[in-house]
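# Residue-level structure breakdown
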Amino acid sequence: MSVPPLTPPASGRGIKVEAGASLAAFIWFRTGGPAETLVRPDTATDLAAYLRDLDPSTPVLPVGVGSNLIVRDGGVPGVVVRLPKAMAKVSVQDGRVRAGAGAMGITVASAARDAGIAGLEFLRGIPGTVGGAVRMNAGAYGRDVSDILIEATVVTREGSVETWPAARFGYVYRHSDLPAGAVVVEAVFSGTPGEPSVIGAEMDRIAAEREASQPLRSRTGGSTFKNPEGHKAWALIDAAGCRGLTRGDAQVSEKHCNFLLNLGSASSAEIEALGEEVRDKVKAHSGVALEWEIQRVGISLPSRMREGAGGGPALSTSDAAGDGGRPPLGPLPHAGGEA
Ligand SMILES: Cc1cc2nc3c(=O)[nH]c(=O)nc-3n(C[C@H](O)[C@H](O)[C@H](O)COP(=O)(O)OP(=O)(O)OC[C@H]3O[C@@H](n4cnc5c(N)ncnc54)[C@H](O)[C@@H]3O)c2cc1C
C-alpha cells in the first residue's frame with residue numbers, strides 16, 4: 001500500500017508552488033484568507049503531472065480573477081490553481097476562437113470582432129476568465145457560454161488531459177456539471193460571420209449599458225443571487241427594502257441591488273452575512289428563496305478570531321496576511337492570468 005505524501009508536491013520545473021499565498025491580493029472582492037497551497041503551472045501537462053502526484057484526498061480549487069467568488073476569511077484548504085499569462089493566449093482559425101482559460105472575456109470578444117465572428121459580444125461585459133465562464137456558464141443579454149462553446153480542454157483532478165465537447169458540461173442556467181477539482185485550460189468557441197464594425201458597435205453598447213447599470217469600479221462579486229424562475233433577483237431585493245443595506249463595510253449596491261460591495265475594509269464574513277440577511281428579508285417579503293450565484297469557498301473564521309481576540313485560523317498554514325492584514329486596495333484586475 002502506498003503512503004500518501006504529507007505535503008503537496010513541491011515547486012519544480014513547470015510548476016510554482018507557494019504555501020499560504022494571499023488570494024485577497026487578486027480576488028475581485030479583495031477579501032478572504034490565503035490558499036493553503038497556491039499552484040501556478042506553466043502548461044496543462046505540468047498541471048496534469050502535479051495533480052497525478054497529489055494525494056487524492058487533497059481538495060483542488062481552480063480560480064480565475066475571482067469575479068464570482070467569496071473566499072472565506074479562514075482561507076482555502078488544499079490546492080488552489082491559478083493559470084499563468086502563458087495560458088491566456090487567444091487565436092482565431094477557421095472561424096473559431098481558441099482561448100487559453102486564463103484569458104479574459106473581453107479579450108475573446110475583441111479577437112472574435114477583429115476576425116468578423118459575431119455572437120461572442122456578450123463576453124465583453126463579463127469581467128472574468130474563460131475558465132470561470134466555462135465553469136459557470138456565464139452569460140448576459142440572452143446568451144451564455146453554452147451557445148458558443150464547441151469544446152474545452154480539461155485537466156481532471158486525477159491528472160489526465162481530456163477534450164470535452166460542449167454537451168458533456170450539462171449546461172443549465174449559470175451551472176455546469178464540471179466535477180470539483182477539474183481545471184479548464186482551453187476552450188474553443190464559434191459564432192456566425194459578421195461585420196467587425198457592427199460587432200464592435202454592439203460591444204460598445206454593452207460596455208456603456210454596463211457602466212450605467214452596474215458598480216463596475218467597485219470591489220464586488222457580480223450578481224449575488226440567481227434570477228429565480230419568473231423573477232429578477234434585483235427587483236425582489238429592492239422590494240424587500242434592501243437597497244443600500246450595510247453590515248460593517250459590506251453594502252448592498254445602491255446602483256444595482258443584486259450586487260454586494262466591499263466599501264473598503266469588509267471581511268468576507270460580513271459580505272456573506274449581509275447576503276444571508278438579504279435572503280431572509282426577501283423570503284419574508286415575497287416568499288421567494290434566493291439561491292446564491294456567487295461561489296462561496298473556504299473556511300469561515302469565528303468573528304472573535306477575525307477581531308484578533310485570540311486563537312488561530314482553522315488552516316494548518318498560518319494566515320500571515322490574515323483578515324486584519326488584508327492587502328491595501330489596489331487597482332482592479334483587468335488582465336487574466338499572471339505574469
Ligand atoms: C461587475 C461584474 C459583472 C458581472 N456580470 C456578469 C454577467 O453579466 N454574467 C455572468 O454570468 N457573470 C457575471 N459576473 C460574474 C463573473 O464575472 C463570472 O461568473 C465569471 O465567469 C467568473 O470568472 P472568473 O474567472 O473570475 O472565475 P472565479 O470567480 O475565479 O471562479 C468562479 C467559479 O469558476 C471556477 N473556475 C475558475 N477558473 C476555472 C478554471 N480554469 N477551470 C475550472 N473552473 C474554474 C471556480 O472554481 C469557481 O467555481 C460579473 C461579475 C462582476 C464583478
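Owing to the predicted nature of the structure, the values given are computational and were not obtained by experimental measurement.

Turning our eyes to something else, we now look at the overall build of the protein chain. Per the secondary structure count, the protein chain includes eight helices and 19 strands. Looking at the 339 residues of the protein chain, the share that counts as buried comes to 47%. In the protein chain, once contacts between residues fewer than 6 apart in sequence are set aside, the share between residues at least 24 apart is 68%.

So, about the packing of helix H2 (residues 105-114) against helix H5 (residues 196-213). Helices that pack against each other are described as a pair by the angle of their axes relative to one another and the distance between those axes. For the pair H2 and H5, the least separation of the axes is 8 Å and the interaxial angle reads 155°. The angle between H2 and H5 falls in the class roughly antiparallel. Every residue of H5 that contacts H2 at Ala 109, Arg 113 and Asp 114 is listed here: Pro 196, Ile 199, Gly 200 and Met 203.

A regular strand carries its side chains on alternate faces of the sheet. Burial of the side chains of strand S3 (residues 60-63) extends over both faces: Val 60 and Pro 62 are buried on one face and Leu 61 and Val 63 on the other. Note that S3 and strand S5 (residues 76-82) share four bridges and pair parallel. Its bridge partner lying in S5, Val 60 is registered against Val 79.

With that settled, the discussion passes to the site of the ligand. Around the ligand sit 33 residues in total, of which Gly 64, Gly 128, Gly 131, Gly 132 and Gly 222 are the nearest. Where the shell around the ligand is concerned, the elements lending two or more residues are S3, helix H3 (130-136), strand S9 (139-140), strand S13 (183-190) and strand S15 (219-223). Of all the elements, H3 adds the most residues to the shell around the ligand, at five residues. Of the residues contributing to the shell around the ligand, the split by class is 17 nonpolar, 15 polar and one charged.

Turning to the sheet that holds strand S7 (residues 96-100), a few remarks are in order. Across the sheet, which stays open at both edges, the five strands sit in the order S6-S7-S13-S11-S12 with antiparallel pairing between neighbours. Two strands lie at the open edges of the sheet, namely strand S6 (90-93) and strand S12 (161-165), each paired on one side alone. Strand after strand, the sheet turns through a mean of 20° between neighbouring axes, direction not considered. Across the sheet, helix H1 (residues 44-53) is in contact with strand S11 (149-155), S12 and S13; its angle to S11 comes to roughly 45°.

This chain's UniProt record puts "active site" (unreviewed entry) on Arg 174, Ser 223 and Glu 293. Of the residues just listed, which span 120 residues, no C-alpha pair is farther apart than 10.8 Å, and they cluster in one region. Within the fold, Arg 174 resides in the loop between S12 and S13. In this structure Arg 174 comes out as partly exposed when scored by C-beta crowding, with 17 C-beta atoms within 10 Å. Here Glu 293 lies in the loop between helix H7 (268-286) and strand S19 (295-297). Taking the C-beta count within 10 Å as the criterion, Glu 293 has 19 such neighbours and is therefore assigned partly exposed. Here Glu 293 is in contact with Arg 174, Ser 223, Thr 224, Phe 225 and Lys 226, once residues within four sequence places are set aside.

A general trend in soluble globular proteins is that nonpolar side chains are found buried together. Within the largest apolar cluster, 85 residues are counted, with the highest numbers of intra-cluster contacts made by Val 80, Val 108, Leu 120, Ala 187 and Ile 237. The element contributing the most residues to this core is S13, with five residues. If sequence neighbours within four positions are ignored, Val 80 has contacts with Leu 23, Ala 35, Leu 38, Val 39, Leu 61 and Val 63.

Across the protein chain, the average pLDDT comes to 88, with 87% of residues at or above 70. Low pLDDT (under 50) marks residues 1-6, which in the prediction has two contacts with non-local residues, meaning those over four places away or in another chain.

All right, on to the sheet that holds S3 then. Pairing in this open sheet of four strands is mixed, and the strands run S1-S2-S5-S3 from one edge to the other. The sheet is open, and its two edges are formed by strand S1 (15-21) and S3, each paired on a single side. Between one strand and the next, the sheet's axes are offset by a mean angle of 25°, whatever the strand orientation. When strand S2 (residues 35-41) meets S5, the two strands line up parallel, connected through four bridges. Note that in S5 the partner of Val 39 across the bridge is Val 81. Here H1 sits on the sheet in contact with S1, S2, S3 and S5, set at roughly 140° to S2.

The rules behind each value
Residues numbered from 1 in each chain as written. Predicted model: local features only at pLDDT ≥ 70, side-chain atom pairs only at ≥ 80, totals over all residues. Helix = DSSP H or I, 4+ residues; strand = E, 2+ residues; numbered from the N terminus. Buried ≥ 20, exposed ≤ 12 C-beta atoms within 10 Å, placed from the backbone. Contact = placed C-beta atoms within 7 Å. Axes fitted to C-alpha atoms, helices over the stretch in contact; angles between N-to-C directions. Parallel < 35°, antiparallel > 145°, perpendicular 65-115°, else oblique. Pairing = 2+ DSSP bridges. Near = placed C-beta within 6 Å. Nonpolar A, V, L, I, M, F, W, Y, C, P; charged D, E, K, R; others polar. UniProt positions renumbered as here; feature names shortened; annotations may be inferred. Core = buried A, V, L, I, M, F, W, Y, C linked by C-beta atoms within 7 Å. pLDDT = per-residue confidence, 0-100.

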